[in-house]
Amino acid sequence: EAKTSSIEMATHVRGMVLASTVVVGLAATKPHVVMVCSDDLGYNDVSFHGSEIHTPFLDSLVRSGLHFDNYYGHAICTPSRSAIMSGRYASHTGMQHSFLLTGTDVNLPTKFKTVANHMNEQGYSSHMVGKWHLGFESAELHTPLARGFSTYYGYLSGGEDYYTHSADGFLDLHNGSIPVFTENGAYSTELFANESIRIIQNHDSVVPFYLYLAFQSVHSPLQAPAEYIAKYSWITDTKRRTLAAMTTCMDDNLERVVTALKDNNMWTNTLFLFFADNGGPPYVANSNWPMRGGKWTMWSVVLAFKSREHRRHFTLGLRLCE
């Protein structure tokens, strides 16, 4: 009979530690860790909360894993992302005030280790894809490659065009520290999923793996492939229709990433987390019904969980409380 050991897995999410106990064989390798962040996803923007927007893959994760339906977090992106990366409340890192404007000299202070730094110390291979938004004053000090990630593919600012990958008139798409000029016209949700899949396919599954995938979806501007917009022709509000298309596209691409983990024999040894950075902004097209507020508001966002079975696959649901 194989011996087992109870291992405490601590995951820092938006300033709060989520602790889960995973029972594994003593001879087993360390679990792979994949953290997926959706940008500006509202409470009522997913079908497992009763939304008209279809997210069948996320629904399946909720059914088969743990659903944390109360969730403490910051009200906007940079404070949330600083907490995700540092494991500290934003008020403890000086990142609590607002989102970072493009070109600012403010950065996540280098004295704070990131999740990637800690994972590397445990023998993990750490990779990041997608939105950074924690400062890039110095490529040598403040960008993902300088903060513990061995590879990075994504954008450094807070938002940009989904197809041209431009922000404030400048290209903001990088492979490591090198600008990428060849992906004009490629939709970022699919582009970031493709890069994540490439990294997974090239990874030796014996080596502990950490991936932080920060989708651009569903942050403004409202842009989605035409075939996804067509799925929601019955939604009369054109903004809500496009947001629905963006969300379902993200859901489909999330499934592609998980399929890659399965194909590379990594899924059964993966701690997988999906979460949003803050509440959805109703002034764009998001819905947080029946909760009050949204992005920028300070209504309590608290954390609790319910579990069906003891699984390693998690989804974190954003709740804007009354």
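Structure report, in brief. (Residues numbered from 1 in each chain as written. Predicted model: local features only at pLDDT ≥ 70, side-chain atom pairs only at ≥ 80, totals over all residues. Heavy atoms only, no water.)

## Points about the pattern of salt bridges
Scanning the entire structure with this criterion turns up eight salt bridges. Its salt-bridge partner being D45, residue R240 comes within 2.7 Å of it at the nearest N-O pair. Of this pair, R240 sits in helix α6 (residues 238-263) while D45 sits in the loop between β3 (32-38) and α1 (56-64), and the two are 195 residues apart along the sequence. Given the relative accessible area of 10%, R240 is considered buried. Between D277 and R81 there is a salt bridge, with its nearest N and O atoms 3.0 Å apart. Of this pair, D277 sits in the loop between β12 (270-276) and β13 (304-307) while R81 sits in helix α2 (residues 77-86), placing them 196 residues apart in sequence. When sorted by exposure, D277 lands in the same class as R81, which is buried. One connected set of salt bridges, linked through shared partners, spans D39, R81, K131 and D277. (Salt bridge = Lys/Arg side-chain N within 4 Å of Asp/Glu carboxyl O. Helix = DSSP H or I, 4+ residues; strand = E, 2+ residues; numbered from the N terminus. Buried < 20%, exposed > 50% of the residue type's maximum accessible area, 1.4 Å probe, protein only.)

## Considerations on the sheet that holds strand β5 (residues 125-131)
Within the open sheet, the seven strands sit side by side as β10-β9-β6-β5-β11-β3-β12. Their pairing is mixed. Two strands close off the open sheet at either side, each with one partner strand: β10 (178-179) and β12. In terms of strand pairing, β5 meets strand β11 (residues 209-214) through six bridges, oriented parallel. Bridging across to β11, S126 finds its partner in Y210. Strand contacts of helix α4 (residues 188-201): β5, β6 (151-155) and β11, with the helix running at about 175 degrees to β11, the strand carrying the most contacts. (Pairing = 2+ DSSP bridges. Contact = heavy atoms within 4.5 Å. Axes fitted to C-alpha atoms, helices over the stretch in contact; angles between N-to-C directions.)

## With respect to α4
An ideal rise of 1.5 Å per residue puts 20 Å on 14 residues; α4 measures up with 20 Å between its terminal C-alpha atoms. For α4, the set of buried residues is S188, T189, L191, F192, A193, E195, S196, I197, I199 and I200. Where α4 is buried, its residues touch β5, β6, β11 and α6. (Expected span 1.5 Å × (residues − 1).)

## Some points on the nonpolar core
Grouped together as the largest cluster of nonpolar side chains are 49 residues, with contacts concentrated most on V36, F192, I200, L213, L254 and F272. Elements with a contribution of two residues or more to this core: β3, α1, β6, α4, β11, α6 and β12. Per element, the largest residue contribution to this core is 11 residues, and it comes from α6. Excluding residues that lie within four positions of it along the chain, I200 makes contacts with F209, L211, V257, A260, L261, N264 and M266. With 25 residues, the next largest nonpolar core counts M35, I84, M119 and Y124 among its residues. (Core = buried A, V, L, I, M, F, W, Y, C linked by side-chain atoms within 4.5 Å.)

## Concerning the packing of α1 against α6
The geometry of a pair of packed helices is captured by two quantities: the angle between their axes and the separation between those axes. At a minimum axis distance of 7 Å, the contact between α1 and α6 shows a crossing angle of 55 degrees. One element, α1, and the other, α6, form an angle in the oblique class. On the side of α1, the interface is formed by P56, F57 and L58, while α6 contributes D251, L254, E255 and V258. (Parallel < 35°, antiparallel > 145°, perpendicular 65-115°, else oblique.)

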